[in-house]
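Secondary and tertiary structure notes
The chain contents come next:
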Amino acid sequence: MPLDDTIAKVTDRIIARSSQARGTYMDKIARAQDQGVKRAHLSCGNQAHAYAAMGDDKDTLAATRAPNIGIVTAYNDMLSAHQPFKDYPDRIKAAARRAGATAQVAGGVPAMCDGVTQGQTGMELSLFSRDVIALATGVALSHNTFDAAMYLGVCDKIVPGLIIAAATFGHIPGIFVPAGPMPSGLPNDEKSKVRNQFEAGEVGRSELMEAEMASYHGPGTCTFYGTANTNQMLMEFMGLHMPGTSFVNPGTPLRDALTDEATMRAAAITAQGNDYRPVADILDARAFVNGIVGLMATGGSTNLVMHLPAMARAAGVILDIEDFNDISAATPLMAKVYPNGLADVNHFHAAGGLAYMIGELLDAGLLHDDTKTVAGDGLSLYTTEPKLRDGTVVRQDGPKETLNDKILRAASDPFQATGGLRELTGNAGRSVMKVSAVAPENRVVEAKARVFHDQNSVKAAFKAGEFTEDTVVVVRFQGPRANGMPELHGLTPTLSVLLGRGLKVALVTDGRMSGASGKVPAAIHLSPEAAVGGPIARIRDGDLIRVDAEAGTLEVLEAGFDDRTPVAADLSGNEAGLGRELFAAFRHGCGLAQDGAAIVV
């Protein structure tokens, strides 16, 4: 199937926009590649330090001919998704020996659980943890003793941070290794129902706690389709996972065998072998376009609208919001996974999963098949699914038909003709809205503004019974420069209750909501943010605002709006406590949300 015209045009536009940056990047990579196997250039003293604790692997390491794999791990047991990584290093080392290679833990990186920090001070550090992870990975790989890397990470900021570092060390082949989702627990719609009941005062905290514990109940990724599982989808669409590995549950024989397979593949794609596949060659404009197509076809997390530009910039590829908007317009929404539907990722995987979806999108001409991947040449490799035969991973063709059309549909018969994202622009700035779960009748809201400077004030107004008419709730000074851009998930139950009461409600914010805005029309990531004098800082209570996801506009319908002086806010309360002191340089130096809100790229 010929490549879709819009996908081709967007790809060409990205390549042209990125020409200088990509050329500079690839020149840097070529210089690093010319130096050959890195351990050969270390002194004997350097090498002795590196191998001192490696036991029986010392002689193999000292010979320098066998590939040495650096393991970068985000293991901790605060994150259920990362707890399975505890035993991965020993498994990887054993598999590497069987492949005639060695492996070392190069370093660990921090990994925050956004589920723990939601609505708490720690969430103000969450977005910036992505850049800390990139920096920590850079420290790990700076020892210059590795011929390939294996990146153990799953969740929200962890994969983007690892990608930024993997691209920076793009002369090194790298494979991303997932841990898989936890088995299904309490259905997500039941959990959401209890949350809304608690918000409305219909149930108590004990019922809420029981529902939450039944939903998040064991090792593995949370099963809703948030940022963590969107990351895993991206790694397949962009060719950095081995095919079909994203949604295999932890603690299963197949999961273990896939980790062994990834290790042996990492050893096979180093510069010492005949199939050298550096990360720089994989992460080109086509790979990022494929990732955006996957984001739209699945209705994935809006956090990736910020992360992907930062990830791409590290590889010399320059993305813009217009790329997301145009790809969304050309991509059918093929999946309904909570919060966009009732199913979880285990149900999605059982219905045909990524193998089916990638095959459908390739057949529709919506993906670049001519990409390099860690598994080989061509994205069509990812239309297969892994099976375990006599202890060995084999791959067979993925399903050609959906096994549940309430969860996953063909590209020719989608849930909606376009993807799950809209760019909204106007005199209020540039923003994005995830519309895949927003009913058509709620996608246009014209109402008076209520302006708040934090989400707790919105909740207080709700509890006081102040929302009695159609309202555009404006929550500002929530951008990266103001307070690190915490997710505003706490607003979802409140605004959902107002929708349930028959009010027309929209959210406008320079903060972020991940994918959890659900049914609420939410114009998020508004740039420029209030802290730098963006237009949102000129909005007043009572201003008539039109939020139009159909037309892609966000307008303050008041004469003289552009001539107003932006308000300022006292942000001193964001400067201290629970580590916020350490992140002052991040708040002062990060870029705009529309460019990725990054420090290091």
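As shown above, the structure is provided for reference.
So, here is what we can say about the structure in this document. Fair warning: this is a prediction, and the values are worked out from it, not measured in the lab.

**Details of a nonpolar patch on the surface**
Judged by side-chain polarity, Leu135, Ile599 and Val600 come together as a nonpolar surface patch covering roughly 210 Å² of accessible area. Mapping Leu135 onto the fold places it in helix H7 (residues 126-141).

**A closer look at the pairing of strand S10 (residues 471-475)**
Burial of S10 is extensive: five of the five residues sit out of reach of the surface. Of the two faces of S10, the one holding Thr471, Val473 and Val475 and the one holding Val472 and Val474 are both buried throughout. As paired strands, strand S9 (residues 444-452) and S10 are joined by five bridges and run parallel to one another. Residue Lys448 lies in a different strand from S10, and its bridge partner there is Thr471.

**A word on the pattern of salt bridges**
Where charged atoms from two side chains of opposite charge come close, those side chains can pair. A full pass over the atoms with the stated rule returns 31 salt bridges. With a shortest N-O distance of 2.7 Å, Arg195 and Glu212 are connected by a salt bridge. With a gap of 17 residues between them, Arg195 in helix H9 (residues 188-199) and Glu212 in helix H10 (residues 205-215) connect regions that are remote in the sequence. Overall, Arg195 belongs to the partly exposed group, its relative accessible area being 29%. The buried category is assigned to Glu212, whose relative accessible area is 17%. Ionic pairing is found between Glu385 and Lys387, a salt bridge with its closest N-O pair at 3.9 Å. On the basis of relative accessibility, which here comes to 28%, the residue Lys387 falls in the partly exposed class.

**Brief notes about unusual backbone geometry**
Omega for the peptide link from Tyr338 to Pro339 comes to 15°, which places this bond in the cis form. Along the chain, the position of Pro339 falls in the loop between helix H16 (321-330) and helix H17 (345-350). With a phi angle near 60°, Met485 is a residue other than glycine that sits in the positive phi range.

**Here's the deal with the packing of aromatic side chains**
To describe a pair of aromatic rings, one takes the distance between the centres and the angle between the planes. Enumeration according to the criterion identifies seven aromatic pairs in this entry. Their ring planes at 15° and their centres at 6.5 Å tell us that Phe128 and Phe583 sit as a pair that is stacked. Pair noted here: Phe128 is in helix H7 and Phe583 is in the loop between strand S14 (553-556) and helix H22 (584-589), with a separation of 455 residues, a long-range link. Using a relative accessible area of 0% as the deciding quantity, one classes Phe128 as buried. The exposure class assigned to Phe583 is buried, which follows from its relative accessible area of 13%. Ring centres 4.8 Å apart and planes at 25° place the aromatic pair Tyr151 and Phe176 in the stacked group. Here Tyr151 is found in strand S3 (residues 148-152), whereas its partner Phe176 is found in strand S4 (residues 174-177), with 25 residues between them in sequence. You'll find Tyr151 and Phe176 in the same group, each marked buried. Ring-pair connections join several aromatic residues into one group, and the members of that group are Phe128, Phe583 and Phe586. Arg538 extends its terminal NZ or CZ atom over the ring of Phe561, reaching a point 4.9 Å from the ring centre.

**Brief notes about the nonpolar core**
Ranked by internal contacts, the top residues of the largest apolar core, which has 129 residues, are Phe288 and Leu308. Broken down by element, the residue count for this core peaks at eight residues, all from helix H14 (residues 285-298). Those residues in contact with Phe288 that sit more than four places away from it in its chain are Met238, Leu283, Leu308, Met311, Ala312, Ala315, Val317 and Leu319. Listed in part, the 26 residues of the second largest apolar core include Leu424, Ala428, Ala449 and Val474.

**Observations regarding the packing of helix H11 (residues 227-237) against H14**
Running from amino to carboxyl end, H11 crosses H14 at an angle of 135°, the nearest separation of the two axes being 8 Å. What the angle tells us is that H11 and H14 run oblique. Handedness of the crossing formed by H11 with H14: right-handed. Contacts between H11 and H14 pair Thr230, Met233, Leu234 and Phe237 from the former with Asn290, Gly291, Gly294, Leu295 and Thr298 from the latter. In terms of residue class, the contact of H11 with H14 is built from four nonpolar, five polar and no charged.

**Brief notes about the packing of helix H1 (residues 5-17) against H16**
The packing of two helices is summarised by the inter-axis angle and the distance between the axes. Here H1 crosses H16 at 165°, and the two axes come no closer than 9 Å. Regarding the angle of H1 to H16, the classification is roughly antiparallel. You can see that H1 and H16 cross each other, and the crossing is left-handed. For the pair formed by H1 and H16, the contact residues are Thr6, Ile7, Val10, Arg13, Ile14 and Arg17 on the first element and Glu322, Asp323, Asp326, Ile327 and Ala330 on the second. Per-class residue counts for the contact of H1 with H16 are five nonpolar, one polar and five charged.

**A closer look at the sheet that holds S4**
The strand order across the open sheet built from four strands is S2-S1-S3-S4, with neighbouring strands paired in parallel fashion. Only two strands of the sheet have a single partner each, and these edge strands are strand S2 (102-108) and S4. Here the average twist between neighbouring strands, direction ignored, is 25°. Examined bridge by bridge, strand S1 (residues 68-73) and S3 share five bridges and lie parallel to one another. Looking across to S3, one finds that Ile69 is bridged to Ala148. Helix H5 (residues 88-98) contacts S1, S2, S3 and S4 of the sheet and is inclined by roughly 155° relative to S2.

**Regarding the environment of Phe85**
Structurally, the position occupied by Phe85 is in the loop between S1 and H5. Judged by relative accessible area, Phe85 falls into the buried class, the value being 0%. Residues Phe85 and Thr73, twelve residues apart in the sequence, show an inter-C-alpha distance of 7.5 Å. Not counting residues up to four positions away in its chain, the partners in contact with Phe85 are Thr73, Tyr75, Leu152, Gly153, Val154, Val177, Pro178 and Ala179.

**With respect to helix H2 (residues 19-34)**
The periodicity of an α-helix, 3.6 residues per turn, causes residues three or four positions apart to be oriented the same way. In this model H2 runs 22 Å from its N-terminal to its C-terminal C-alpha over 16 residues, within 8% of the 22 Å that 1.5 Å per residue would give. Those residues of H2 not exposed but buried are Arg22, Tyr25, Ile29 and Ala32. One face of H2 carries all of its buried residues, which in axial projection span an arc of 85°. Along H2, exposed side chains directed more than 90 degrees from the buried face belong to Gln20, Thr24, Arg31 and Asp34. Taken together, the buried residues of H2 touch helix H8 (158-168), helix H13 (279-282) and helix H15 (303-314).

**Let's talk about the pairing of strand S12 (residues 522-527)**
The two faces of the sheet receive side chains in turn, since in a regular strand these alternate between them. Burial analysis of S12 places six of its six residues in the buried class, the great majority of the element. Sheet topology note: the strand S8 (residues 429-434)/S12 ladder contains two bridges and is antiparallel. By the bridge assignment for S12, Arg430 is matched with Ser527.

Rules behind the numbers
- Numbering of residues starts from 1 in each chain and follows the order in which that chain's sequence is written.
- The predicted nature of this model means local features are confined to residues of pLDDT at least 70 and side-chain atom pairs, given and counted, to a pLDDT of 80 or more, with totals for whole chains, interfaces and linings taken over all residues.
- To get the side-chain values, all heavy atoms of the structure are used, and hydrogens and water are removed first.
- Exposure above 30% relative accessible area and the absence of a salt bridge qualify a residue for a patch, where like charges join within 9 Å and nonpolar side chains (Val, Leu, Ile, Met, Phe, Trp, Tyr) within 5 Å.
- Using a 1.4 Å probe, the Shrake-Rupley method yields the accessible areas, and only the shown protein chains count as cover for residues.
- Between Lys or Arg on one side and Asp or Glu on the other, a salt bridge is scored when a side-chain nitrogen of the former is within 4 Å of a carboxyl oxygen of the latter.
- In DSSP terms, a helix is any run of H or I states spanning at least four residues, a strand is any run of E spanning at least two, and both are numbered starting from the N terminus.
- Buried means the residue's accessible area, taken with a 1.4 Å probe over protein chains only, is under 20% of the maximum for its type, while exposed means over 50%, and partly exposed covers the values in between.
- Pairing between two strands requires that DSSP report at least two bridges joining them.
- Stacked, tilted and edge-to-face pairs are distinguished by plane angle, under 30 degrees for stacked and over 60 for edge-to-face with tilted covering the rest, among Phe, Tyr and Trp rings (Trp via its six-membered ring) whose centres lie within 6.5 Å.
- The criterion for a charge sitting over a ring is simple: Lys NZ or Arg CZ within 6 Å of the ring centre, and within 35 degrees of the ring normal.
- Residues belong to one nonpolar core when they are buried, are Ala, Val, Leu, Ile, Met, Phe, Trp, Tyr or Cys, and are joined through side-chain atoms within 4.5 Å.
- We call two residues in contact when some of their heavy atoms are within 4.5 Å.
- Under this scheme, a helix contributes an axis fitted over its contacting stretch, all axes are lines through C-alpha atoms, and angles between N-to-C directions fall in the 0 to 180 degree range.
- Relative orientations are named as follows: roughly parallel for angles under 35 degrees, roughly antiparallel for angles over 145 degrees, roughly perpendicular for angles from 65 to 115 degrees, and oblique for any other angle.
- Throughout, a crossing is termed right-handed when the near helix is turned clockwise from the far one, and left-handed when it is turned anticlockwise from it by less than a right angle.
- Asp, Glu, Lys and Arg are counted as charged, while Ala, Val, Leu, Ile, Met, Phe, Trp, Tyr, Cys and Pro are counted as nonpolar; the rest, among them Gly, fall into the polar class.
- Here the expected length of a helix is defined as 1.5 Å per residue gap, with one fewer gap than residues.
- To obtain the arc, one takes the directions from the helix axis to the C-beta atoms.

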